[in-house]
Structure formats: C-alpha cells, structure tokens
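Breakdown of the fold
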Amino acid sequence: MLGTIGKAFILIIAGILLLRIAGRKSISQMTLPETVVMISIGTIIVEPVVEESILGTILASSVFIGTLVVTEFLQMKFDRLETFLTGKAMVVIQNGQIQTDALRKLRLTVDQLELRLRQQGIANFSDVKTATIEPSGQLGYELAEDAKPLTVGEFKRFMEAYLKTDESKESSHINIFDEMTEKKNTPNSLK
C-alpha cells in the first residue's frame, strides 16, 4: 500500500512539472496535437498506479484528490508556491508595444496574440494600455484612455457639467443695467 501512495505522489509531482513545461493554454485553446499529448500524459501518469488493484486505484485516486486539495490550500497560504505551481500573469503588451520577450517565453506568436485581441473586439495594439496572458491562458487587458468606452456614470457627470455650464452662460448674459432701466420706467408711488 505504501508503494502505491509513494508512486501516486511521485506521479503527481512529475505530472505538475510536465504540464508546467507544456505551457499556459486552457483545453479550449489547445490544438489537436497538444490535446492528444495532454491526454497521453494523463494516461501515462495514471497507468502505473491503476495496474495493481481496485483498492490500490481507489487509494491512488484519493491521494490525487487529496494532494490537489492540499496543494490548492498551500497556494493560498504561500505566494511563492502559487507562483511555482500555477504561475503569474505575463505582460505581453505595454503601452501599445508588443513585449516580444514575453511572447517567446509563452511560445505565443504575434498572430495568436492578434487573434485573442480580435476576439475581444480590439483592432489596434495602440488601443491597449496593458495586456497579459493569465495562468489560465486567457487574455487580460486594460484599454488606453482614448480607447475606453464611455460609461453611463461618465456620461451623467459630463451632462451635469455641461448643464451647469449652460446655466452659468445664461446667468452671465443678464445685463446689470436692465435693473436700473426697469426702475426708471416703473412709477414710483412714494413720490
């Protein structure tokens, strides 16, 4: 039994390292060959454990699940462990400029980055203040100030400022002499 637990633990560590080397793509973003390789790695990792017995398989599966739960808990407690196991987001565009070194590290082409930007409705690199590839493989981005859409709150503030400006224009057009000419034309009952 201890041999099964030991094998399962070693295979988990090996699997994490292999998948970490494989890169940051979610299953929906994998190509057909990448999907086949990942499934094969999963099968290879489990096969030595499964061959022993049903009880051994259940025990090994429990070790896999237990290790996953403990690993997730430890990642919440220790930032370095999270960085090692899950990774951190990498900046691929900064102030409209493509970070080619980061793309190389991610093994991501400019065409693949453009595809992800187009899927988000972004037409120009210059419209992006910062873009990252998250550990999940998803694109995160912040638009440049001039490319951000107008929000309802911003529109309301703009309209309030505009209306106040209009009111002040109206009050500034009042002729201060009108008051004097109106007094002369009205009959004075006190005379």
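In this text, all values refer to a predicted model and were calculated from it rather than measured experimentally. (Residues numbered from 1 in each chain as written. Predicted model: local features only at pLDDT ≥ 70, side-chain atom pairs only at ≥ 80, totals over all residues. Heavy atoms only, no water.)

Here we take up the overall build of the chain. Counting secondary structure elements, the chain contains eight helices and four strands. Classification of the 191 residues of the chain by burial places 21% in the buried group. Considering only residue pairs separated by 6 or more positions, the chain has 55% of its internal contacts joining residues 24 or more positions apart. Here the chain displays about 14,200 Å² of accessible surface, and carbon together with sulfur accounts for 63% of that area. (Helix = DSSP H or I, 4+ residues; strand = E, 2+ residues; numbered from the N terminus. Buried < 20%, exposed > 50% of the residue type's maximum accessible area, 1.4 Å probe, protein only. Contact = heavy atoms within 4.5 Å. Areas by Shrake-Rupley, 256 points an atom, 1.4 Å probe, with all protein chains shown as cover.)

Pairing in this open sheet of four strands is antiparallel, and the strands run 2-1-3-4 from one edge to the other. Bordering the open sheet on either side are strand 2 (97-98) and strand 4 (139-143), each of which pairs with just one other strand. (Pairing = 2+ DSSP bridges.)

As a further point, take the nonpolar core. One recurring pattern in soluble globular proteins: nonpolar side chains tend to sit buried together. Within the largest apolar cluster, 15 residues are counted, with the highest numbers of intra-cluster contacts made by V92, I93, L113 and L117. For this core, the secondary-structure elements that each account for two or more residues are strand 1 (90-94), helix 5 (100-106), helix 6 (110-119), strand 3 (128-133) and strand 4. In contact with L113, other than residues within four places in its own chain, are V92, I93, I98, L103, L108, F125 and L139. (Core = buried A, V, L, I, M, F, W, Y, C linked by side-chain atoms within 4.5 Å.)

Moving on, we come to the side chain of T130. Following the sequence through the fold, T130 ends up in strand 3. Accessibility expressed as a relative area gives 18% for T130, which makes it buried. Discounting chain neighbours no more than four positions away, the residues touching T130 are V91, I93, Q94, G140, Y141 and E142.

This part is about a nonpolar patch on the surface. Where nonpolar side chains cluster on the molecular surface, the patch consists of V70, F73, L74, M76 and F78 and spans about 520 Å² of accessible area. We classify M76 as exposed; its relative accessible area is 68%. (Patch = residues over 30% accessible without salt bridge, like charges linked within 9 Å, V, L, I, M, F, W, Y side chains within 5 Å. Salt bridge = Lys/Arg side-chain N within 4 Å of Asp/Glu carboxyl O.)

Next up on the list: the pairing of strand 1. Bridge count for strand 1 against strand 3 is four bridges, and the pairing is antiparallel. Paired with M90 across the two strands is I133, which belongs to strand 3. Where strand 1 hands over to strand 2, the hairpin turn is made up of two residues, of which N95 adopts a positive phi near 50°.

On to the pairing of strand 4. Two strands pair when backbone bridges link them, and strand 3 and strand 4 are joined in this way by five bridges, in the antiparallel orientation. The residue bridging T130 from the neighbouring strand is E142, located in strand 4. Hairpin connection, strand 3 to strand 4: the antiparallel pair is bridged by five residues, and G137 has positive phi, about 95°.

The topology assignment puts Q75 in helix 3 (residues 54-77). Overall, the relative accessible area of 15% leaves Q75 in the buried class.

Residues of helix 6 that are buried include every one of L113, R116 and L117, and no others. Down the axis of helix 6, the sector holding all buried residues measures 100°, keeping them to one side. Residues of helix 6 that are exposed and point over 90 degrees away from its buried face: D111, R118 and Q119. Elements in contact with the buried residues of helix 6: strand 1, strand 2, helix 5, strand 3 and strand 4. G121 occupies a position one or two residues after helix 6 and carries a positive phi of about 80°. (Arc of directions from axis to C-beta.)

Moving on, we come to unusual backbone geometry. Located in the positive-phi region is N95, a residue other than glycine, with phi close to 50°. Structurally, N95 can be placed in the loop between strand 1 and strand 2. Residue N95 is classed as exposed on the basis of its relative accessible area of 55%. Positive phi outside glycine occurs at R107, with the angle close to 55°. Of note, R107 is situated in the loop between helix 5 and helix 6.

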